[in-house]
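Spelled out from the first residue to the last, the chains are:
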Amino acid sequence: MINNVVLVGRLTKDPDLKYTGNGQAVATFTLAVNRNFTNQSGEREADFINCVIWRKPAETLANYARKGTLLGVTGRIQTRNYENQQGQRVYVTEVVAENFQLLESKNSNSSQNTRDTGVSNNQTNNYTRNNQNASQTNLGVNPMNDFGATTIDINDDDLPF
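Residues numbered from 1 in each chain as written. Predicted model: local features only at pLDDT ≥ 70, side-chain atom pairs only at ≥ 80, totals over all residues. Heavy atoms only, no water.

Student: Describe the overall build of the protein, naming the residues involved and giving the relevant values.
Tutor: When you go through the protein residue by residue, the secondary structure sums to 3 helices and 6 strands. Element order for the protein, N to C, with α for helix and β for strand: β-β-β-β-α-β-β-α-α. Looking at the protein as a whole, 24% of its 161 residues qualify as buried. A fraction of 55% describes how many contacts in the protein between residues 6 or more apart in sequence connect residues 24 or more apart. Carbon together with sulfur atoms contributes 47% to the accessible area of the protein, which is approximately 12,000 Å² in total. (Helix = DSSP H or I, 4+ residues; strand = E, 2+ residues; numbered from the N terminus. Buried < 20%, exposed > 50% of the residue type's maximum accessible area, 1.4 Å probe, protein only. Contact = heavy atoms within 4.5 Å. Areas by Shrake-Rupley, 256 points an atom, 1.4 Å probe, with all protein chains shown as cover.)

Listed below in structure tokens is the structure:
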């Protein structure tokens, strides 16, 4: 069975760090993840995905991430249920994060938080420009040059695709 989740989104509020009775750190947070399409009005919608992270990564997330932080998360989906005070069964589906990555520098995140306007065109342009620069620097570079090879000769039958 496979249960893997990869998310990239912005925190909707600061992570909520708590400790269990036996001292285990647990942080809950919600990621706003943009959908890949727009609605009939031409506006982009987002899904708000509840996440939980445990132990040392929970403490690290709470120390370094704030509302609006662009975050990459890997983990798994988990469903649990409980009975509320009215005696009704409540089902909760959330992402149990195993790893996370801060996806922008502190400076761009702090300027992001003061504007609170989502991803700006400037940030998108910087991302695109940086990726283009990285691509251009790798153009024409033969990774086999260190081994004295000038061309790479691979038979099509040896390729896995």
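Student: Now, about the nonpolar core: what can you tell me, with residues and values included?
Tutor: Among the nonpolar cores identified, the biggest contains 17 residues, and Leu-7, Phe-29, Leu-31, Ile-53, Leu-71 and Val-73 are the most heavily contacted of them. At the level of secondary structure, the elements contributing two or more residues to this core comprise β1 (5-11), β3 (25-38), β4 (44-54), α1 (55-64), β5 (70-83) and β6 (89-102). Considering every element that reaches this core, the biggest residue donor is β3, with 5 residues. (Core = buried A, V, L, I, M, F, W, Y, C linked by side-chain atoms within 4.5 Å.)

Student: How would you summarise the pairing of β4 if you had to cite specific residues and measurements?
Tutor: Looking along a regular strand, one sees the side chains alternate between the two faces of the sheet. Relative to β4, β3 runs antiparallel, the two being bridged by 10 bridges. Among the inter-strand pairings, Leu-31 is bridged to a residue of β4, identified as Ile-49. From the end of β3 to the start of β4, which pair antiparallel, there are 5 residues, and Gly-42 there has a positive phi angle of about 85 degrees. Bridge analysis of β4 against β6 gives 3 bridges, and the strand direction is parallel. Bridged to Ile-53 within β6 is Ala-97. (Pairing = 2+ DSSP bridges.)

Student: An account of unusual backbone geometry is needed here, citing residue identities and associated values.
Tutor: The backbone of Arg-55 sits at a positive phi, close to 60 degrees, despite the residue not being glycine. Note that Arg-55 resides in helix α1.

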